Amino acid sequence: MVDLRANWRVILLVVMLLVSTFALFSPTMAPEAAAEDQATNLVYGLQLSGGTRIRAPLEGYVAAGVDVPTNPDAQERLEERIADSLNGTFPTDVQARPQGTYGASGPGTVEVTDPNVTREGFTAALDAADVAYDDGEVYRGVSDQTREETVQVLRNKVNQAGLSGGSVQSVSVATAQEFFILIEVPGEDRSDVVDLIEDRGTVRIDVGPVMQNGSLSRERRRAVLSQDDFRDIGTATESQQSSGYYVPVSIRDSVAPGFQQTMVDTGVAGPGGSRCAVRDNDWRNASDPCLLLVVNDEIVNAFGMDDGLAADMRNGDWAQNPRFRLTTGNFSSAQEIAINLRAGALPAKLDLTGPDGGTSSFISASQGESFKQNSLITGLIAVLAVSGVVFLRYREVRVAAPMIVTALSEVVILLGFAAAIGYPLNLSVIAGFIAVIGTGVDDLIIIADEVMAQGEVRSRKVFQSRFRKAFWVIGAAAATTIIAMSPLAVLSLGDLQGFAIFTILGVLVGVLLTRPAYGDILRALLTDDR
Amino acid sequence: MVDFDVPEVDYTRYTNRQLAAVPLAVLAVALLIIAGWTVATGVPVDRGIDFTGGTELRLGEVPAPDDGGRADIREAFSASPESIQYVGTTGLYVVTFDDEVRASQLDTEANEAGFSVESQDTVSGNFGDDSQLLALGGVAVAFVGMSVLVFAMFRTFVPSIAVVISAFSDIVIPVALMNVLGIELTLGTVAALLMLIGYSVDSDILLNNHILRRSGDFYESTYRAMRTGVTMTLTSISAMIVMTIVASLVGIELLSSIGIVLVFGLATDLMNTYMLNLSLLRWYKFEGVAR
């Protein structure tokens, strides 16, 4: 009869193996990203499944620690002043924000996202606009908000293009205040992904149906506002006065009077404003004249106008301060309106080509598949080589076979872990698995040699003391491996992070779980007293 | 059947000086190679595109090298490739360009020539510089961390420094060999160097442990430590040799470069542990302690 208490380490290992197997194969644990036809729940990274990955910084400069006025109007004047002293930069490419948004330094930031602006040009423009700033606080990059908006826009683009499994995220470099945008799209060519990112639509605002001679016609007036007419397009903001969300927009002074007149003429700014209730998604059925947001010749949103704004337009006050809010019921549609207004243009551009640019990689589906198979073969052959040497050395199946089985079980547990958390497997992770087998078998050799040294192991007491001695060396070796690998696990050195993480995990699993269990197995096989 | 057992070396025949001379001489030669390389090329070791920036393409549907595939590739691109490698088992060419060349242009030219682009990796120059700094910093931190840990574990100077010196040599000699054999420093080889720190210390710790913490004759302890340690290292070496061969046959560069550097490092470790480290320990045990 096997003593359960004495063999609890083996039992724990078996339980962990079962849990890992469950995580690997159970359909209930299947991650969304995994394809239906897969036998396991493992998620494969782009290297093994094919696709494109682009990692690039956003272009722009930020001056932190600038005293930015809190009044929105004053902010916009400031943005305009700065844009004016930069040749060919639109005011929409300059953002002034009153709160500290870049790193820890406050109180406000000014940023420019026009890729043609140099650092010198930016600081000269700040000087020209009488902005006080600290030269040491002018950074390459963009503010947190702009970065988040850019990620949002990119996500929308990837989703709208129907690219399943695509992801966009912002990643930071641990050593510097540097951020990258990481875009991963399975199954697409690099050029397709770049086209998608850089694709910029056209946006305009139409009015329809318009009032003609006091009655609602079925006409629409096109392009009452076009892309260049906007001075500033804000971000989705929660309304303070009422429930709901809005996107603040301001219009260039030069076009404001004309736009105001058009609003009055077409009846949008009629007495009492317009309610714009659109039936059946057709503007022709609207009860009142509407402002229509048109992206790539397709109407994406319709807006009415509230009473107060309409009154300002009629008496001509509005053009003095030409701004309005596009209001909507929920945050996500407000966000979408902001994105639509920019015609899918990114708030800041990705630097794909410059020397400061990031990295990009593309792997075709067939190449990924062959990497997958070949790395599996490589790993298996490495395991066979290890087994061969171990058998030759010990000549005893009782010692060597559990060794191989134990080392392999480490890999099973790690695979189960990867499947459970949905960690994408890449070549570097597979290299980590091979490293784990290597260190694992090394340590099992230490245990076996120590336990079998100096003659037969008869009693359990002798076994325990020898096993404990062996464990000191193993613990020390494990600690050095973990120390050696930890820089890689923290630094963002591309794929090597996965390699380091899985090597460290493997060592931990080994020391805490599999090696003690191997000790128990060996004891059961070698000692007489149970 | 092959008989595999660790032979017993009669260490009494050699003095400490004799034992230490060989590994120290090899280390000196390695340092000279690296120094010479730095003088000649400006960097201690040739760097791959991970660190210099550049583009690596894997091209399919290109004629075999015997049918003028290489010439076709040179003709297809307006920029001249830095290297063209043919991977026979997969029938693909691995072509690298420096970081002056734009990835989108290479894409277009490859498609126009009728090649299929199976994979493409682009790293921009400054990004490569950043990575290099990170990688060097990582290796340095790992090494210092390991040294501190070793000193904390043994708490005596000579045995600890013996481990640290042989770990240092285990990294330096493979780097020199990389220069001699034309293996570039990539993220994979950096990973291998870091792994060497972890791997190589294992057998040193084992030896120290057996000699310092166990009762019994010095030579007997040494032999027991060697039996285990040499088995460990040989097992790892054989796994890595096989991995290197298979991975380079099927063209998985990451795995083959990790493999080859580990083979060098582990072989170096055999020498360092059982000659350099051992001689220092013997001096410490028989003369150092007595002082």
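Residues numbered from 1 in each chain as written. Chains lettered and ligands numbered in written order. Predicted model: local features only at pLDDT ≥ 70, side-chain atom pairs only at ≥ 80, totals over all residues.

**Looking at the domain arrangement of chain B**
By a widespread convention, an interface's size corresponds to the accessible area lost as its parts come together. Domain annotation for chain B reports domain 1 (11–48 + 127–288) and domain 2 (54–122). A straight line from the C-alpha centre of domain 1 of chain B to that of domain 2 of chain B covers 37 Å. (Domains from an automatic or database assignment.)

**Digging into the interface of chain A and chain B**
Taken residue by residue, the interface counts 62 residues in chain A and 58 residues in chain B. Elements supplying a minimum of two residues to the side of chain A that touches chain B: α6 (190–198), β18 (359–363), α10 (365–394), α12 (427–452), α13 (460–490) and α14 (496–526) of chain A. Within the side of chain A that touches chain B, the residues separate by chemical class into 35 nonpolar, 21 polar and six charged. Pairing analysis gives five bridges linking β18(A) to strand β4 (residues 116–123) of chain B, with the strands arranged antiparallel. Bridging from a neighbouring strand, A:I363 pairs with B:S119 of β4(B). (Contact = placed C-beta atoms within 7 Å. Helix = DSSP H or I, 4+ residues; strand = E, 2+ residues; numbered from the N terminus. Nonpolar A, V, L, I, M, F, W, Y, C, P; charged D, E, K, R; others polar. Pairing = 2+ DSSP bridges.)

**Quick notes on the sheet that holds strand β8 (residues 203–208) of chain A**
Residue and element names in this part refer to chain A. Strand order in the open sheet formed by four strands is β11-β8-β15-β16, with antiparallel pairing between adjacent strands. Each edge of the sheet is formed by a strand with only one pairing partner; in this case those strands are β11 (221–226) and β16 (298–303). Neighbour-to-neighbour, the strand axes of the sheet open up by a mean angle of 35 degrees, direction not taken into account. Both strand β15 (residues 290–295) and β16 contribute to a ladder of five bridges, which runs antiparallel. Residue pairing across strands places L291 opposite F303, the latter belonging to β16. (Axes fitted to C-alpha atoms, helices over the stretch in contact; angles between N-to-C directions.)

**A look at the domain arrangement of chain A**
What the domain assignment lists for chain A is domain 1 (8–48 + 364–526), domain 2 (56–142 + 349–355), domain 3 (146–198) and domain 4 (203–341). When each unit is reduced to the centre of its C-alpha atoms, the spacing between domain 1 of chain A and domain 4 of chain A is 63 Å.

**A few points about the environment of B:V172**
Residues and elements named next belong to chain B. Secondary-structure assignment places V172 in helix α6 (residues 157–181). With 21 C-beta atoms packed within 10 Å, V172 lands in the buried category. C-alpha of V172 to C-alpha of L27: the two residues are 145 residues apart in sequence and 7.3 Å apart in space. If we ignore the near neighbours within four places in the chain, the residues touching V172 are L27, A30, L31 and I34. (Buried ≥ 20, exposed ≤ 12 C-beta atoms within 10 Å, placed from the backbone.)

**Regarding the confidence of the model for chain B**
Scored by pLDDT, chain B comes out at a mean of 87, with 97% of its residues at no less than 70. Scoring of the predicted complex yields 0.77 for pTM and 0.85 for ipTM. (pLDDT = per-residue confidence, 0-100.)

**Structural notes on the pairing of β15(A)**
All names here are of chain A. Judged by how many residues are buried, β15 sits mostly within the fold: five of six residues are covered. By the bridge criterion, six bridges tie β8 to β15 in an arrangement that is antiparallel. By the bridge assignment, G208 is partnered in β15 with C290. The hairpin turn running from β15 into β16, its antiparallel successor, is two residues long, and N296 in that turn takes a positive phi close to 50 degrees.

**Topic: the packing of α6(B) against helix α7 (residues 187–213) of chain B**
All names here are of chain B. Viewed as axis vectors pointing N to C, α6 and α7 meet at an angle of 145 degrees, and their least axial separation amounts to 9 Å. Judged by the twist between their axes, the crossing of α6 over α7 is right-handed. Every residue of α7 that contacts α6 at P159, V163, S166, A167, D170, I171, P174 and M178 is listed here: T189, L193, L196, I197, S200, V201, D204, I205, N208 and L212. Split by residue class, the contact of α6 with α7 holds 12 nonpolar, four polar and two charged. (Left-handed = near helix turned anticlockwise from the far one by under 90°.)

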